[in-house]
Amino acid sequence: MNLSEKITIFLVAGEASGDLHGANLLKELKRQYPQAEFIGHGGDKMAREGLEIIEHIRKLSVMGFVEVIRHLPYFQKVMKSTFEKIQTLKPQRIILIDYPGFNLRLAKKCKSLGIPITYFILPQLWAWKEGRIKIIKECIDQSLCIFPFEQEWFESRGVPANFVGHPFSDFSEIKFNSSDFYKKHGLEKDQPLLTLLPGSRQQEINLHWPIFLETAAILKKHIPNLALVLGRAKEVIFPSIPDFIIQEEDAQRAMVSGTAALTASGTASLECAVLDTPEVVCYKMNLFSGFLAKKLNRAPFVAMVNLIAQRKVVPEFVQGDMTAPNLAAALLPLLSSTLERKSMLTAFDEVRRTLGLPGVYERAGQAILSRMQHG
């Protein structure tokens, strides 16, 4: 393989966070190998970096056991068409980004094709479904992990893994600050601001948003001048949004500017920690999905910040514990200068130091292209 040779890479990302990481990886792969062409599943960010989209994340992003079963005919159809497309296209490499429910099944199907597969952002098998490691052993050619404890975990189970660092370590240079945000929206300099991050999937909004609204109402009674900003994913629909500031294009602005945040468990919860925004983390599924998740999940926490720190740094409330009074009580001390707030910010420093050095996508791109050149 030389730099003048055209190559085709097939990528699969199935949700908003994967679209973000996929776009940054694409940008780096293009920089290092300008002749590369990209096709697969992703979102608007990956499309802007040159991915020819087959299926968009707005259809692929489904969370929860019941929800996946409900959409099973669609996913079976997508799996069949994806395999057939790869079979016809014969790309030089497949890159799978997170999204394990679909991607591990695809990897298993594609083994017969002999096309090498990179997995970027490995499935969290240390939390649940450890048995899936057999698929990674047998079907994945290259494993790139992003959490500091993962490399040892996977390698102790016979899977060679490369810790490239966490993408959020690249947040060290934020090009905006809270004072700009406050000026833009006519807020007072000392006015407390709560950032609401209810999720990027429609079923998350359906279950979380009523509780978020009730929580905001309780907090407004305690802090009448509390300002509220909603970090809104483009793909979701809200039944109603009161007079909140809405930040759609760049949720980081809402995170950086917030005095504190109420965050659905997921990528955004770690993002807040990296950006130094104290937070309360929560998550709710339907009753059946929540019951199964509790039975299957072996991790001691749901918030990634707590998992990395190996202790409870941020309060987390799931299922029946995710009530407006609980959330409001946990958020209240984070909206002013308190010991709880200071302690959380100190712990965030520790978490950031474990995430590795900036340049994650560059290292990931180099690792992928090196494997393609040398096998």
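Residues numbered from 1 in each chain as written. Predicted model: local features only at pLDDT ≥ 70, side-chain atom pairs only at ≥ 80, totals over all residues. Heavy atoms only, no water.

**Side note on the sheet that holds strand β6 (residues 142-145)**
Move 1: If you walk across this open sheet you meet the seven strands as β3-β2-β1-β4-β5-β6-β7, and the pairing is parallel. Each edge of the open sheet is held by one strand with a lone partner, namely β3 (51-56) and β7 (162-163).
Move 2: Across four bridges, the pairing between strand β4 (residues 93-97) and strand β5 (residues 117-120) is parallel. Across the sheet, Leu 96 pairs through a bridge with Tyr 119, a residue of β5.
Move 3: Where helix α5 (residues 72-89) meets the sheet, its contacts fall on β1 (7-13), β2 (36-42), β3 and β4, and the angle it forms with β1 comes to roughly 170 degrees. (Pairing = 2+ DSSP bridges. Helix = DSSP H or I, 4+ residues; strand = E, 2+ residues; numbered from the N terminus. Contact = heavy atoms within 4.5 Å. Axes fitted to C-alpha atoms, helices over the stretch in contact; angles between N-to-C directions.)

**Thoughts on the sheet that holds strand β13 (residues 316-318)**
Move 1: Reading across the sheet, the six strands line up as β10-β9-β8-β11-β12-β13 and stay open at both edges, with parallel pairing between neighbours. In this open sheet, the two edge strands, each paired with only one partner strand, are β10 (245-247) and β13. Put simply, the sheet's adjacent strands are angled 20 degrees from each other on average, direction ignored.
Move 2: Where strand β11 (residues 260-264) and strand β12 (residues 279-283) come together, four bridges link them in parallel fashion.

**Regarding the side chain of Thr 82**
Move 1: Structurally, Thr 82 is set in helix α5.
Move 2: With residues up to four places along the chain from it excluded, the contact list for Thr 82 reads Phe 10, His 41, Phe 102 and Leu 106.

**Some details on the pattern of salt bridges**
Pairs may arise between side chains of opposite charge once their charged atoms sit close together.
Move 1: Scanning the model with the defined rule gives 14 salt bridges in all.
Move 2: In this structure, the salt-bridge partner of Lys 6 is Glu 37, at a minimum N-O distance of 3.3 Å. In this pair, Lys 6 is assigned in the segment before β1 and Glu 37 in strand β2, connecting sequence segments 31 residues apart.
Move 3: Classification of Glu 37 as partly exposed rests on a relative accessible area of 38%. (Salt bridge = Lys/Arg side-chain N within 4 Å of Asp/Glu carboxyl O. Buried < 20%, exposed > 50% of the residue type's maximum accessible area, 1.4 Å probe, protein only.)

**Focus: a positive patch on the surface**
Move 1: A grouping of Arg 105, Lys 108, Lys 111, Lys 129 and Lys 134 is seen on the molecular surface, where their side chains present a positively charged patch.
Move 2: Within the element layout of this structure, Lys 134 appears in helix α7 (residues 133-139).
Move 3: When its relative accessible area of 54% is taken as the criterion, Lys 134 is described as exposed. (Patch = residues over 30% accessible without salt bridge, like charges linked within 9 Å, V, L, I, M, F, W, Y side chains within 5 Å. Areas by Shrake-Rupley, 256 points an atom, 1.4 Å probe, with all protein chains shown as cover. Lys, Arg positive; Asp, Glu negative; His and termini not counted. Charge placed at Lys NZ, Arg CZ, Asp CG, Glu CD.)

**Some thoughts on the packing of helix α1 (residues 16-32) against helix α17 (residues 360-374)**
Move 1: Two elements in contact, α1 and α17, have axes separated by 9 Å at closest approach and are oriented at 60 degrees. The angle between α1 and α17 falls in the class oblique. Along this stretch, α1 crosses α17, giving a crossing that reads as right-handed. Contact with α1, carried on its side by His 21, Asn 24, Leu 25, Glu 28, Leu 29, Arg 31 and Gln 32, involves Tyr 361, Glu 362, Ala 364, Gly 365, Gln 366, Ile 368 and Leu 369 of α17 and no other residues of that element.
Move 2: Residues belonging to the contact of α1 with α17 are distributed by class as follows: six nonpolar, five polar and three charged. (Parallel < 35°, antiparallel > 145°, perpendicular 65-115°, else oblique. Left-handed = near helix turned anticlockwise from the far one by under 90°. Nonpolar A, V, L, I, M, F, W, Y, C, P; charged D, E, K, R; others polar.)

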